[in-house]
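Structure at a glance
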Amino acid sequence: MVELGRRRMRGERRRKLRLSKIYSFACGKQSLKGDHSQIGERGFSRVVFCNEPESVEAGIRSYADNSVSSTKYNVATFLPKSLFEQFRRVANFFFLVTGILAFTKLAPYTAVSAILPLIVIIGATMVKEAIEDWRRKQQDMEVNNRRVKVHKGHGTFEYTQWKNLKVGHIVKIMKDEFFPADLVLLSSCYEDAVCYVETMNLDGETNLKLKQALEVTSSLHEDFHFSDFKATIKCEDPNANLYSFVGNMEYEEQQYSLSPHQLLLRDSKLRNTDYIFGVVIFTGHDTKVIQNSTDPPSKRSKVEKKVDRVIYFLFCILFLMAGVGSIFFGFATKDDLENGLMKRWYLRPDDSTIFFDPKRAPAAAIFHCLTALMLYGFFIPISLYVSIEIVKVLQSIFINQDIHMYYEDADKPAHACTSNLNEELGQVDTILSDKTGTLTCNSMEFIKCSIAGVAYGRVVTEVERAMTRKNGSALIVNSGDSPDRNVPIKGFNFTDERIMNGKWVNEPYADIIKNFFRLLAICHTAIPEVDEDTGNVSYETESPDESAFVIAAREIGFEFYKRTQTSLSMYELDPISGDKIQRTYKLLNVLEFNSSRKRMSVIVKDEEGKILLLCKGADSVMFERLAKDGREFEEKTSEHVHEYADAGLRTMILAYRELDENQYKEFDRKFSQAKNSVSEDRDTLIEEVSDKIERNLILLGSTAVEDKLQNGVPNCIDKLAQAGIKIWVLTGDKMETAINIGFACSLLRQGMKQIIIHLETPEIQSLEKSGDKLAIAKASRESIRHQISEAAQQLTVSRGTSQQAFALIVDGKSLTYALEDNMKNMFLDLAVRCASVICCRSSPKQKALVTRLVKSRTGKTTLAIGDGANDVGMLQEADIGVGISGVEGMQAVASSDIAIAQFRYLERLLLVHGHWCYRRISSMICYFFYKNITFGFTLFLYEVYASFSGQPAYNDWFLSLYNVLFSSLPVIALGVFDQDVSARYCLRFPMLYQQGVQNALFSWRRILSWMLNGFISAIIIFFFCTKAMEIQAFDENGRTAGRDMLGAAMFTCVVWVVNLQMALAINYFTLIQHILIWGSIALWYLFLLGYGAMSPSISTNAYKVFIETLAPSPSFWIITLFVAITTLVPYFSFSAIQMRFFPMYHEMVQWIRHEGKTNDPEFVAMVRQVSLQSTSVGSTARLAAKDNDLRNIVTNHT
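Residues numbered from 1 in each chain as written. Predicted model: local features only at pLDDT ≥ 70, side-chain atom pairs only at ≥ 80, totals over all residues. Heavy atoms only, no water.

A word on empty space enclosed by the protein
Under the counting rule described, the total for this entry stands at seven cavities of 30 Å³ or more. Taken as a whole, the largest cavity holds about 210 Å³ of empty space. Surrounding the largest cavity, 17 residues form its lining, Phe95, Tyr109, Ala114, Phe378 and Ile382 being those nearest its centre. Of all the elements in the fold, those that place two or more residues in the lining of the largest cavity are α4 (90-101), α5 (111-144) and α28 (956-966). (1 Å grid on protein atoms, 1.4 Å probe; cavity = no way out; pocket = protein on both sides within 12 Å on 5 of 7 lines; lining within 4 Å. Points joined across faces, edges and corners; volume = space filled by probe spheres on them. Helix = DSSP H or I, 4+ residues; strand = E, 2+ residues; numbered from the N terminus.)

Details of a nonpolar patch on the surface
Taken together, the side chains of Ile390, Val393, Leu394, Ile397 and Phe398 make up a nonpolar region of the molecular surface, amounting to roughly 380 Å² of accessible area. For Leu394, the location among the structural elements is in helix α10 (residues 384-400). Overall, the relative accessible area of 33% leaves Leu394 in the partly exposed class. (Patch = residues over 30% accessible without salt bridge, like charges linked within 9 Å, V, L, I, M, F, W, Y side chains within 5 Å. Areas by Shrake-Rupley, 256 points an atom, 1.4 Å probe, with all protein chains shown as cover. Salt bridge = Lys/Arg side-chain N within 4 Å of Asp/Glu carboxyl O. Buried < 20%, exposed > 50% of the residue type's maximum accessible area, 1.4 Å probe, protein only.)

Regarding the pairing of strand β21 (residues 537-540)
Alternating positions in β21 separate cleanly, Val537 and Tyr539 being buried on one face and Ser538 and Glu540 remaining unburied on the opposite face. Direction of pairing for strand β20 (residues 527-530) relative to β21: antiparallel, over a ladder of four bridges. Each bridged residue has a counterpart across the sheet, and for Ile527 the counterpart in β21 is Glu540. Here β20 hands over to β21 after six residues, with Gly535 in that stretch at a positive phi of 80°. (Pairing = 2+ DSSP bridges.)

Regarding unusual backbone geometry
Its identity is not glycine, yet Asp267 carries a phi of approximately 75°, on the positive side. Looking at the element boundaries, Asp267 is found in the loop between β11 (263-264) and β12 (269-271).

Here's the deal with the side chain of Ser301
Topologically, Ser301 is positioned in the loop between α7 (288-292) and α8 (302-334). Relative accessible area serves as the criterion here: at 0%, Ser301 is assigned to the buried category. A polar contact is formed between the side chain of Ser301 and the backbone nitrogen of Glu304, at a distance of 3.1 Å. Separated by 2.4 Å, the side chains of Ser301 and Glu423 make a polar contact. Ignoring sequence-local partners within four residues, the contact set of Ser301 consists of Lys392, Asn420, Leu421, Glu423 and Glu424. (Polar contact = N/O pair within 3.5 Å; in protein donor to acceptor, adjacent residues only side chain to side chain. Contact = heavy atoms within 4.5 Å.)

A short note on the packing of aromatic side chains
Enumeration over the complete set of coordinates arrives at 55 aromatic pairs. Considering the side-chain rings of Tyr962 and Phe1051, the 5.9 Å spacing of their centres and the 80° angle between planes classify their relative orientation as edge-to-face. Placement of Tyr962 in helix α28 and of Phe1051 in helix α33 (residues 1043-1065) is noted, with a sequence separation of 89 residues between them. Per residue, the accessibility class of Tyr962 equals that of Phe1051, and both read buried. Through a chain of ring-to-ring contacts, three or more aromatic side chains come together here, namely Phe378, Phe935, Tyr954, Phe958, Tyr962, Phe966, Phe1051, Trp1084, Phe1087 and Tyr1091. Positioned over the ring face of Tyr275 is Lys172, at 4.8 Å from the centre of the ring. Of note, Arg1140 hangs over the ring of Phe1141, and the distance from its end group to the ring centre comes to 5.8 Å. (Phe/Tyr/Trp six-rings, centres within 6.5 Å; stacked < 30°, edge-to-face > 60°. Lys NZ or Arg CZ within 6 Å of the ring centre and 35° of its normal.)

A short note on the nonpolar core
Ranked by size, the top nonpolar core spans 112 residues in total, and within it Tyr376, Tyr954 and Phe958 carry the most contacts. Considering every element that reaches this core, the biggest residue donor is helix α27 (residues 905-945), with 16 residues. What Phe958 contacts, discounting residues up to four positions off in sequence, is Phe935, Ala1048, Phe1051, Trp1084, Phe1087, Leu1088, Tyr1091 and Ala1102. By size, the runner-up hydrophobic cluster in this structure holds 75 residues, among which are Ile499, Ile512, Ala521 and Ile611. (Core = buried A, V, L, I, M, F, W, Y, C linked by side-chain atoms within 4.5 Å.)

Notes on the pairing of strand β4 (residues 170-174)
By the criterion of burial, β4 is predominantly enclosed, with four of the five residues buried. In this structure, strand β2 (residues 147-153) lies alongside β4, joined through two bridges in antiparallel fashion. Within β4, the residue paired with Val150 across the bridge is Val171. Inspection of the sheet shows β4 paired to strand β13 (residues 275-282) by five bridges, in the antiparallel sense. Bridged to Met174 within β13 is Tyr275.

Quick word on the confidence of the model for the protein
Per-residue confidence for the protein averages 82 on the pLDDT scale, and 84% of its residues sit at or above 70. Mean pLDDT across the secondary structure elements of the protein bottoms out at helix α1 (residues 2-19), with 41, and peaks at β4, with 95. Between residues 475-485, whose pLDDT stays under 50, and residues either more than four places distant or in other chains, the model counts 18 contacts. (pLDDT = per-residue confidence, 0-100.)

Some words on the packing of α27 against α33
At a minimum axis distance of 11 Å, the contact between α27 and α33 shows a crossing angle of 160°. The orientation of α27 with respect to α33, classified from their angle, is roughly antiparallel. The two elements α27 and α33 cross, and the hand of that crossing is right-handed. Mapping the contact onto sequence places Tyr927, Tyr930, Lys931, Thr934, Phe935, Thr938 and Tyr942 in α27 and Arg1043, Leu1046, Met1050, Phe1051, Val1054, Val1057, Val1058, Asn1059, Gln1061 and Met1062 in α33. Within the contact of α27 with α33, the residues separate by chemical class into 11 nonpolar, four polar and two charged. (Axes fitted to C-alpha atoms, helices over the stretch in contact; angles between N-to-C directions. Parallel < 35°, antiparallel > 145°, perpendicular 65-115°, else oblique. Left-handed = near helix turned anticlockwise from the far one by under 90°. Nonpolar A, V, L, I, M, F, W, Y, C, P; charged D, E, K, R; others polar.)

A short note on the pattern of salt bridges
According to the stated counting rule, one finds 41 salt bridges in the structure shown. Where Glu820 meets Arg781, a salt bridge forms, and the shortest distance between an N and an O atom there is 2.7 Å. Of the two residues, Glu820 sits in the loop between α22 (812-818) and α23 (824-832) while Arg781 sits in helix α21 (residues 773-801), which places them 39 residues apart along the sequence. Salt bridges here are not isolated pairs; linked through shared partners, they connect Arg599, Arg625, Glu687, Asp691, Glu694 and Arg695.

Written out as structure tokens, the structure is:
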């Protein structure tokens, strides 16, 4: 019966196989016993007992469980760890110390009033931390409690939670489920044991991957097959490498090597496969995805770092004031005793043990210093950091909700992944950008090709149009729309009547054309999907380039429609009959593409028994692999490749060779040995074997695909250049392609001097032929040094004689030497003096190193922008990383600080939001220091007035609530809503952005001027209040003002002054700001009424002070009005004079807006001219250069 059941199941498997479109391209069953020399050694010591997770041997090894935790705290550690985080800030620690001292007799106020504000501020931050951590906990619980089918014995599978899985468990994963741990694939619903996997959560790639189990386990299709399944897996230890796996499986006393093709990673998803069976090998924090989940680098903005330094500066002032006051107090205390009587009897020295003892004056001075530090501590803004956090979060919400940065086609808004760097967006000096997918669409279209030395394709590219405009020629008419094609085909924009619609059979080299497109239809890893209703074939590919190639082959008449484990099927146009005929090629091997090989090959056997190696790759590696008799069209093809590169196209060389049976058998033997090798150098062995067979090729021709510029890129670059931002392009493309894309997007222009640093010199090439690596390195290093020095001299000479703009272009080989320690400073000095910098053939590591060099050596803010996994290092290295949520997945977005959908949104992100956020945060912080100095210095002045007695001028709760209730909310509104100019004017006058780059609004000069304003305000408030109230009767009963009335009156003036100062500083009023400013003042009076109505034991010297003494007295209201107006006169006068005679750039723009000069062309042109005078790149600079050339021609003729 069991055997009958198995036969029936095999029949069902065959039926599923015929209906399946899912096949693997990883050819060659790995069943040979390989080299297991490293298994069991350090780094390769993991042993998995399959189907025996509870065995004694498995228990001894005590592997990690499958639960994961991403939380920062737990119940036991939350309080100590979060408190430690809060009190790491020096300001918070200071207030903690003063709060503790408040419980001693040294305190000038009650302990409760000192501790409560600190508890509120720290508590609010801790609650925020707790909420964020609880959200992470909920996410962890959701993941850990997911359910999966696990083998419970006797061939039965039951659901259990992910967290209960152990190493060795056999699991059954159903379609569209995530893998709960790292698994080794044992079998699937298909007879050849393949499955389709989506890895977006791991690497961000949207294309699907194919995995295949070992042949020996591929027959285990049903649950009951696992009732007595036993195997032992020995493999590498847990590590973070997603793309490698070394191990072997011992099954039925035979060993079989394992590779990444059998590895299913946690958080990947099973797609287009009904089910798979797998064995758990890594769990929980041992899985590769968790091993990769390192915390992103901690980034702090320059403004935030400067705030720390300002706080330290305020601490210095605080200690200076306390020290000076204590010295005076010590001398006054020492001289206090005269003829046995105390001069300052009102200080009640008889009620004190030491604080006012003339005989112990030094000790009294020391104690007074501690009291003064507590009293003057209000100089330090206790609510500054939490207010900044609140403001930044709200600013991030505005960025996320900006409809002008919403990309409707992909339904993707902008997303600020972190709010720490909002103001940094307004200080960017240099942008380092990827090209493919960032400046361009990463949506490839087959445009042109060169076959047998003949160029085909009549479509005009965007770069060719830009070059035509650059040269001033007539615009070429685009003949790209074929009259025979009504509906545009994605990925195919080719037209040429010579080979379209089957006419290629009439060409002189028809056989070569046939082999060319046959290669495109076979040499790939695409998966065809046939629409059962229409019969149309679509393709799942690993890259947009590959999709364009397969589609091009289909449109010419070579339609690939089916892939199995060992074959490829396609329809070809028969040149003789003109009919489509079916051809099947046996797929023998796939030599996969990677960034170091720069090529891909497949080995197939055709229906006639010929064994063919079909290869496509970059020209830099393909031409050198051609056979002597295979170079017939090399010269013409090379010319066409350069022409295509000049047109901004990406090229690929196509070649092939025929193998005899013995050659292939020898290769296959070595290749199988290399693939089955279980060692660290496995990839090297595979590459060596592949390299030997990919020789003596016969050239067919070259493809050319276009990656179009994204919409709005030239205009965005032009606007950013007008804002004074430098733009560097770091790309892996060829130099010619990068240069021409530079022209298309206006980074380069006619008349700009190009400085090209490269190693394509005869001397270097001759050394490369000799193969002496040391000599090559030495000569290359000297060549690069000489080229950099010579270019620097050119710039120096040109600077004194003309306004010539320079562009620096460097290739990847040269960059390797230019970034060495003894040369990188020379390279950077040259680069920063150039208007544009383009680095070609750059590796991901080089991109990150260039970014680090610019950031660390210039000290300016850098922004990196990219869309692919190869840009992650660059994004994390820059001060700000911006990810493009484009075609290459989401890995760049996951590693970025801010995500946008299109490059053009960078214009609004920086020039509008960046400018606003920088201005708002800068103004907010300066105002914070102003209001605290205004308040704190009145305390010091009262101390001087009261002979440094340590008595505060204000009630305890006045002191405590000043920063929390009476002055904090308006400043938050300033940080969220204020605008110096509207978004339209930010874009119209991009030079406004330079205020952030030059840090004009948060310089020490500006900070100190606000502090000085605070000191002046405090002096005016104190002296006007004291002088107005000390010598005359305060009310109609003839009573004079006491400390309680003076303190309340001064505090009222402080509240009015700091809030009115806010009103004067605001550029853009909203209803919320009105409510908060006038509401804060009203809240003070309400508090004074309510607090004064409490019993004297609670309100102390504020008991009914307002209702009985202040409110009935006209002099109180007169003093408040007079002091408030007088205190604001210095700031108002200074601002008016500056605005009228020495306006800053934003004030000039405000004049245009407020005085209705938007229609005054002369004034607008004058203001705009300031923003355009230093532009070197962009379309504006190109037009300006053309105008200069025309003027020079006219001048020469006259």
